[in-house]
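Tertiary structure, described
Now for the letters of each chain:
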Amino acid sequence: KGTFSTVRYARHITSGVTQRDWPEYAVKVVYKEKLESMDYHKAVEREMSTLQLQAHPGICRLISSFAYKQSAYIVLEYCARGDLHGLVTRLGRLSVECSRFVVGQAAAALLSIHDNGFAFNDLKPENLLITALGHIKLCDFGACLIIAGSDKDFYGRASISQNQAFY
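Before going into details, it helps to say that this report is about the structure given with it. Each chain carries its own residue numbering, running from 1 in the direction its sequence is written. Only residues with pLDDT of 70 or above have their local features reported here, since the model is predicted, and side-chain atom pairs are shown and tallied only from 80 upward, although totals for entire chains, interfaces and linings are computed over all residues. The basis for every side-chain value is the complete set of non-hydrogen atoms in the structure, without hydrogens or water.

Let us now look at the pattern of salt bridges. Salt bridge, as used here, is a side-chain nitrogen of Lys or Arg placed within 4 Å of a carboxyl oxygen of Asp or Glu. Scanning the entire structure with this criterion turns up five salt bridges. Linking arginine 20 and aspartate 21 is a salt bridge whose minimum nitrogen-to-oxygen distance equals 3.7 Å. Each residue is assigned to one of three classes by its accessible area relative to the maximum for its type, calculated with a 1.4 Å probe on protein chains only: buried under 20%, partly exposed between the two thresholds, exposed over 50%. Arginine 20 gets classed as exposed once you look at its relative accessible area, which sits at 69%. Glutamate 47 is paired through a salt bridge with lysine 28; the nearest N and O atoms lie 2.9 Å apart. One end of the pair, glutamate 47, is in helix α2 (residues 41-53); the other, lysine 28, is in strand β2 (residues 24-30), with 19 residues separating them in the sequence. Overall, the relative accessible area of 1% leaves glutamate 47 in the buried class. Each of the salt bridges in this network shares a partner with another, and the network as a whole consists of Lys28, Glu47 and Asp140. Secondary structure elements follow DSSP: runs of H or I no shorter than four residues count as helices, runs of E no shorter than two count as strands, and numbering proceeds from the N terminus.

See below:
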């Protein structure tokens, strides 16, 4: 649970497949009250649009996004081992080797985002998720902005002038 949203665990019920093999997802729910009281509509639209443009193994994959009853839902791939903050809290600290691995994977994802013309702007342990295999994935693109001088808009179209600042 964060300031703007709650993330829920979900499974896709698939007939003819055992329950343990049902696909797992994380569903980020931004409730109507938060959207209105904090004027968070643009940030949610930015997050959905930015995630559609990202294709890197170090970025949480967008499965779907939609609005229902004036709340916004962002369906993402599930990262079974939680976030880096929870891991460090449980362990007390990370080894040097583990820290290098985390930083390397996060840096590769950030470089990909930057190469796509965006600034991530919300790097913190809670936004570094850990997959079942132990890999790092960036999530929470609500604060993501277009880099000044980028030639892309949030829908991947070339349209930003060289003199235009952040979105």
